[in-house]
Amino acid sequence: QSQGDSGSTLQLHIEPGMFAMVGAVAMLSGFCRMTVSLVVIMFELTGELTYLVPFMCAALAAKLVGDPMSPSIYDGHAKLNGIGPVEEQADIRLEMAVGDLAVLVSHHGCLDVSE
């Protein structure tokens, strides 16, 4: 308890469960990077509207810290299984023409299948 200027006492109630939930959001969002859906799931678990802002801040901070350090766990598993990345990579150009990728092949390097 602390006293303000007017002499009234200010009561501060701290719930350890809330800090545990915010920590869980930060941890899950740090390794799976599902920020929006994770915040919605945790909101549905708690049903407390006042927890939304701490959940969002924790998820955003964990994603911003985790993205430059390592891929998400889902991207890591997809790479191990040989599945291409879902997000667009920085070095891929969408305006690329087929002629940019095609390599000329001489006729003697082709099979004649018309016979």
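As the structure is a prediction and not an experimental result, all values here were calculated from the model.

(A) Main features of helix 2 (residues 35–46). Relative to the 16 Å expected for 12 residues at 1.5 Å per residue, helix 2 spans 17 Å between its end C-alpha atoms, a close match to the ideal helical length. Regarding helix 2, the residues found buried are Leu38, Val39 and Met42. Projected onto a plane normal to the axis of helix 2, the buried residues spread over an arc of 100° and lie on a single side. For helix 2, the exposed residues set more than 90 degrees away from the buried face come down to Val36 and Glu44. For helix 2, the secondary structure elements touched by its buried residues are helix 1 (16–32) and helix 3 (52–69).

(B) Structural view of the side chain of serine 72. As for its position among the elements, serine 72 is in the loop between helix 3 and helix 4 (73–80). Classification of serine 72 by relative accessible area gives buried; the value is 7%. Contacts of serine 72, omitting those with residues within four sequence positions, involve Phe31, Cys32 and Arg33.

Cut-offs applied
- Residues numbered from 1 in each chain as written.
- Predicted model: local features only at pLDDT ≥ 70, side-chain atom pairs only at ≥ 80, totals over all residues.
- Heavy atoms only, no water.
- Helix = DSSP H or I, 4+ residues; strand = E, 2+ residues; numbered from the N terminus.
- Expected span 1.5 Å × (residues − 1).
- Buried < 20%, exposed > 50% of the residue type's maximum accessible area, 1.4 Å probe, protein only.
- Arc of directions from axis to C-beta.
- Contact = heavy atoms within 4.5 Å.

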